[in-house]
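Notes for the structure review
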Amino acid sequence: MHDQTQSNLPVARLSCGSVNPELIGHTVTFAGWVNRRRDHGGLIFIDVRDRDGITQVVFDPDDRSGSETTDTSAEPAHVDVRSANAYLAAKDLRNEDVVRIEGIVRERPAGTENAKLLTGAVEVAVTALEVYSRSQTPPFVVANDDEIDESVRLRYRYLDLRRPRMQRNLTIRHKITKAMRDYFDERDFLEIETPVLIKSTPEGARDYLVPSRIHRGSFYALPQSPQLLKQILMVGGLGRYIQIARCFRDEDPRADRQPEFTQLDVEMSFTTEEEVVQLMEGCIAYVWQKALGTTIPQPLPRLTYAEAMATYGIDKPDLRFGLPLCDVKEHFAGSEFALFRALSTDAKARVIAIRYPGGAALSRRDFDGLTETAKTFGAKGLVWIGLGADGTKSSIQRFLTDELTAALRASCNAEIGDAILLVGDTAHDASAVAGKLRLEIGERCGLRDPARFAFCWVMGFPLFEADPETGVPMPSHHPFTAPAPGQEALLENDPLAMRAQHYDLVLNGFELGSGSIRIHDESFQRTIFHKLGLSDAQIDNRFGFFMEALKFGAPPHGGMALGLDRVAMLACGETSIRDVIAFPKNQNARDVMMDAPSGVPEQYLRDLGVSFKAAPAITPAPAI
């Protein structure tokens, strides 16, 4: 039933979060979802929710103000009733029904205020109720942020988006994006869109390919990043470019990767590594201030790649806590523990000690479990020493001397009550395992506070790294990265020793983004491609348009990209980027809400000239 008197209602509408004591005595109207319903001694209380907040409304059967309708027996999808009949209609309201409220703002009775709500000092006495739509019983409670299986959240994402957590996260993400745009606009950068349908130019992952109907047998690729296009914009004289860019990578499923993601892309001409670092450092400080109201002290700490690997075992260190890796192999030079004694004379090996605060309290069973954890990190084993007040216990107890124990304690500043964990292997493997163990200890000891922000720069990366299977040099960053000044002479005889003008911004153990100064000389870019094993024909086939552009007066240039999803994740204190993306894919790269990817009509494939070979038959395993 629809009351024709609604034309007399106020035109202006408030949000649910804007009803405040200044409006006491005023008639207001607002709309939202039923967040909660309570029936107390004849009065019905309903909390109405929208993105801005929650307002409590009261339905009183004794309130006869306003016009009334008489027929409330039917239950249409849409109903508009007033006064006492609004009370009758309110009895049928359920969570997530969508309603419009008209009523008079009044002060809540003393003792019933809710300090947790911005609107908690007032309530609205309802004079009219309009039900826009009814909701089925949701598969989970929308009104709170209780833990829910992620597969259910993603299946019903339209409900999950109503929850306080997701609304907060997407609001912060919006503020981050706006702050980024404002920061660069104030510095005369141009926001320029680059195409989504481009040529396939390998950048480290598989491209998503799009078959062309018009050019049958040919394919576009979705960009893994706008790398070559932003460099061409510099050749084109645009000078200062940014873009909030959509990027696509066809990678095997990983826990926290998305096939499509968003990055802040920045490039500028006639710049230096130092200028880019300072620009991006200013950007992140500006973003944190505008989006979170948090001041980031500048300048940010800087580590070389070598320092990061030696001290933290990883090129994206978590600096929220200490516990540096300590080289202790020299202490085992005369030890009876044969394994570490052998490593002490190996120039390519490390024996690393890590302090475990309070670790002496662990039982032998706990240490055995920690050893198994270390093995999942790639360790061949783990040596532990517990420094208890009643004496030392260790997995190598019979090889320990007082002198060795004292030397190890001094090296890693361990105290009575702590434990010392020891890993020995090749320098690369020992560092990698110890770096993961350090993070494990930080997690167990509660040292990785998500509310704390520990930024740093890691610089001086290798230009190349060896392919683990062939040993052939491959780019550490991408093949367009310029070497550090004076490193070109090493290209022919010792390319793995070359340093790059490459820099990473790291936060709390996550890489927020990478950047570099680019190669702008066509002949040297071709030489780099040759070193990577590409022939001239392959270079021209894959990168011909770009190589040609470099021949027409390319300026020195460089830039950086920040992963917007990861920036938002850490700013919001989340642990998954899916919690800061409105419509993410799951861990298997599926959109379970839309059921994508999915099949398409056969005619679509015929139009594109695409067909599929039948998958080979799989012989079922014999029954057991």
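Figured I'd write up the structure that's included with this text. Predicted model only: the values in this text are computed from it and were never measured. (Residues numbered from 1 in each chain as written. Predicted model: local features only at pLDDT ≥ 70, side-chain atom pairs only at ≥ 80, totals over all residues. Heavy atoms only, no water.)

Notes on the packing of helix H4 (residues 164–185) against helix H6 (residues 273–292)
Contact pair H4 / H6: the axes reach a minimum separation of 9 Å and the direction vectors enclose 135°. Here H6 runs oblique to H4, going by the angle between their axes. Considering only the axes of H4 and H6, their crossing is right-handed. Facing H4, whose interface residues are Ile 172, Lys 175, Ile 176, Ala 179, Met 180, Asp 182, Tyr 183 and Phe 184, H6 presents Gln 278, Leu 279, Met 280, Gly 282, Cys 283, Tyr 286, Val 287, Lys 290, Ala 291 and Leu 292. In terms of residue class, the contact of H4 with H6 is made up of 13 nonpolar, two polar and three charged. (Axes fitted to C-alpha atoms, helices over the stretch in contact; angles between N-to-C directions. Helix = DSSP H or I, 4+ residues; strand = E, 2+ residues; numbered from the N terminus. Parallel < 35°, antiparallel > 145°, perpendicular 65-115°, else oblique. Left-handed = near helix turned anticlockwise from the far one by under 90°. Contact = heavy atoms within 4.5 Å. Nonpolar A, V, L, I, M, F, W, Y, C, P; charged D, E, K, R; others polar.)

Looking at the pattern of salt bridges
In total, this model carries 41 salt bridges according to the counting rule given. The salt bridge partner of Glu 96 is Arg 49, with a shortest N-O separation of 2.8 Å. With Glu 96 in the loop between helix H1 (83–90) and strand S5 (98–107) and Arg 49 in strand S2 (residues 43–50), this residue pair connects regions lying 47 residues apart in the sequence. Glu 96 sits in the buried class, given a relative accessible area of 3%. Here Asp 160 and Arg 163 are joined by a salt bridge, their closest N and O atoms 3.4 Å apart. One salt-bridge network, held together by shared partners, links Arg 153, Arg 157, Asp 160, Arg 163, Arg 165, Glu 574 and Asp 579. (Salt bridge = Lys/Arg side-chain N within 4 Å of Asp/Glu carboxyl O. Buried < 20%, exposed > 50% of the residue type's maximum accessible area, 1.4 Å probe, protein only.)

Things to note about the nonpolar core
Core analysis: the largest hydrophobic core is formed by 65 residues, its most contacted members being Ile 176, Met 180, Phe 184, Met 280 and Leu 562. For this core, the element with the highest residue contribution is H6, accounting for eleven residues. Discounting chain neighbours no more than four positions away, the residues touching Met 180 are Ile 244, Leu 264, Cys 283, Val 287, Leu 562, Leu 564 and Val 567. (Core = buried A, V, L, I, M, F, W, Y, C linked by side-chain atoms within 4.5 Å.)

Concerning the sheet that holds strand S21 (residues 502–507)
The eight strands are arranged S7-S10-S11-S23-S22-S21-S18-S12 in an open sheet whose pairing can be described as mixed. With partners counted over all chains shown, the strands left at the sheet margins are strand S7 (190–191) and strand S12 (302–304), one partner each. Where S12 and strand S18 (residues 455–459) come together, three bridges link them in parallel fashion. Residue Leu 303 lies in a different strand from S18, and its bridge partner there is Val 458. The strands that H4 touches are S7, strand S10 (240–248), strand S11 (260–269) and strand S23 (557–563); relative to S10, the one it contacts most, it runs at about 150°. This element, helix H7 (residues 305–312), spans S12 and S18 of the sheet and lies at about 90° to S12. (Pairing = 2+ DSSP bridges.)

Some remarks on unusual backbone geometry
Here the bond from Gln 298 into Pro 299 is cis, since omega is 0°, no more than 30 degrees from zero. Along the chain, Pro 299 falls in the loop between H6 and S12. Here the amide bond leading from Ala 596 into Pro 597 is cis, since omega sits at 5°, within 30 degrees of zero. Positioned with a positive phi, Asp 188 is a non-glycine residue whose angle comes to about 65°. Along the polypeptide, Asp 188 turns up in the loop between H4 and S7.

So, a nonpolar patch on the surface
Nonpolar side chains collect at one region of the surface, where Val 196, Leu 197 and Tyr 220 lie side by side and expose about 240 Å² of accessible area between them. Relative to the helices and strands, Tyr 220 is located in strand S9 (residues 219–222). Residue class for Tyr 220 comes out partly exposed when judged on its relative accessible area of 33%. (Patch = residues over 30% accessible without salt bridge, like charges linked within 9 Å, V, L, I, M, F, W, Y side chains within 5 Å. Areas by Shrake-Rupley, 256 points an atom, 1.4 Å probe, with all protein chains shown as cover.)

Let's talk about the packing of helix H9 (residues 364–376) against helix H11 (residues 427–444)
Where H9 contacts H11, the axes come no closer than 9 Å and their chain directions differ by 135°. By the angle between their directions, the pair H9 and H11 is classed as oblique. The chirality of how H9 crosses H11 is right-handed. Taken together, the residues of H11 that come into contact with H9 (itself represented by Leu 370, Thr 373 and Ala 374) are Val 433, Leu 437, Glu 440 and Arg 444.

Any functional reading would require information beyond the geometric quantities listed.
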